[in-house]
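Close look at the chain arrangement
Single-letter residue listing:
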Amino acid sequence: MADCIFCKIIAGEIPSSKVYEDDKVLAFLDISQVTPGHTLVVPKEHFRNLLEMDADSSSQLFARVPDIARKVMKATGALGMNIINNNEEVAGQTVFHTHVHLAPRYSGDDDLQLTFTAHEPDFPALVQLAEKIAQA
Ligand code: AMP
Ligand code: ZN
């Protein structure tokens, strides 16, 4: 797609530090390196984000993630990894071509901060919301 930076990387029009490539996906180092080894896995076909993908295209993408993640773990000696996918601006998406972040973790005190603020469970509300989602 014209004007998509990741399509340009896939086409070889702009450089990247590739770590894996096959006919369906490309993985390359994120230019910002939130932690050392921070890698992006992208489908070669352009999709705005995961919410636009179907079962086949998303399966092809995610089927490659564990192997690539293990390669990154092995090469970096990381102790763990966050695997993150942002969808739409409100969720932090800045590049609108589906990508999965592999962020190796070395300590809980590095430059990646993820916080899930816990709330008291409201069980009737959970039941109602689950029903709504199931019916959607
Ligand atoms: P997101 O905020 O989830 O959309 O992530 C987009 C990521 O793409 C950011 O972490 C950027 O650092 C990364 N990025 C942007 N341009 C490039 C590039 N030319 N090469 C590698 N990574 C890039
Ligand atoms: Zn694209």
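An unreviewed UniProt entry lists the protein under the name HIT family protein, with Streptococcus panodentis given as the organism.

1. Digging into the site of ligand 1
The full set close to ligand 1 counts 16 residues, and Asp30, Ser32, Gly92, Thr94 and His101 are the nearest of them. Between Asp30 and ligand 1, the recorded distance is 2.5 Å, taken from a side-chain N or O atom to an oxygen atom. Between an oxygen atom of ligand 1 and a main-chain N or O atom of Thr94, the distance comes to 2.7 Å. Expressed as a share of its isolated accessible area of 500 Å², the protein-covered part of ligand 1 is 84%. Counting only elements with at least two residues in the shell around ligand 1, the list comes to helix 1 (5–10) and strand 2 (25–29). Taken together, the residues of the shell around ligand 1 sort by class into 8 nonpolar, 7 polar and 1 charged.

2. As for the nonpolar core
Judged by nonpolar contacts, Val25, Ala27, Val41, Phe47, Met53, Leu61, Val65, Ile68, Ala69, Val72, Val100 and Leu102 together constitute the single largest core of 12 residues. Looking at this core, the elements that each hand over two or more residues are strand 2, helix 2 (55–76) and strand 5 (100–105). Top element by residues in this core is helix 2. It accounts for 5 residues. Membership of the second largest hydrophobic core comes to 9 residues, among which are Ile9, Ile10, Leu26 and Val42.

3. Overview of the UniProt feature "domain: HIT" (unreviewed entry) in the protein
Under the feature "domain: HIT" (unreviewed entry), the UniProt entry names residues 5–112. As annotated, residues 5–112 comprises 26% helix and 23% strand, and the C-alpha atoms at either end are separated by 24 Å.

4. Considerations on the coordination of the zinc ion (ligand 2)
Listed as protein donors to the zinc ion (ligand 2) are Cys4 (SG), Cys7 (SG), His46 (ND1) and His97 (ND1); their distances from the metal cover 2.0 to 2.3 Å. Of note, the donors binding the zinc ion (ligand 2) are all from one chain and are spaced C-x2-C-x38-H-x50-H.

5. Side note on the environment of Ala134
Position of Ala134 relative to the elements: it lies in helix 3 (residues 123–135). Note: C-alpha distance between Ala134 and Ala103 (31 residues apart in sequence) is 31 Å.

Thresholds applied
Positions within a chain are numbered from 1, following the residues in the order the chain's sequence is written. Just so you know, chain letters begin at A and ligand numbers begin at 1, following the order they were written in. Local features are withheld for residues below a pLDDT of 70 in this predicted model, meaning they are given only at 70 or higher, and side-chain atom pairs are given and counted only at 80 or more; totals for whole chains, interfaces and linings count all residues. To get the side-chain values, all heavy atoms of the structure are used, and hydrogens and water are removed first. It suffices for a single heavy atom of a residue to lie within 4 Å of a molecule or strand for the residue to be listed as near it. Here a polar contact is recorded for every N or O atom pair within 3.5 Å, except that within protein the pair must consist of a potential hydrogen donor and a potential acceptor, and residues adjacent in sequence are included only if both atoms are side-chain atoms. Each accessible area is a Shrake-Rupley estimate made with a 1.4 Å probe; only the visible protein chains count as cover when residues are assessed. Secondary structure elements are defined from DSSP: runs of H or I of at least 4 residues count as helices, runs of E of at least 2 residues count as strands, and each element is numbered from the N terminus. Following the grouping adopted for this structure description, the nonpolar residues are Ala, Val, Leu, Ile, Met, Phe, Trp, Tyr, Cys and Pro, the charged ones are Asp, Glu, Lys and Arg, and the polar ones are all others, Gly among them. Side-chain atoms within 4.5 Å link the members of a nonpolar core, which is a set of buried Ala, Val, Leu, Ile, Met, Phe, Trp, Tyr and Cys residues. Residue exposure (1.4 Å probe, protein chains only): buried if accessible area is under 20% of the type maximum, exposed if over 50%, otherwise partly exposed. UniProt positions are given in the numbering used here, feature names are shortened, and annotations may be inferred rather than shown by experiment. Only nitrogen, oxygen and sulfur atoms count as donors, using a 2.8 Å cut-off from the metal that widens to 3.2 Å for Na, K and Ca. Water is left out, so coordination shells may look unfilled.

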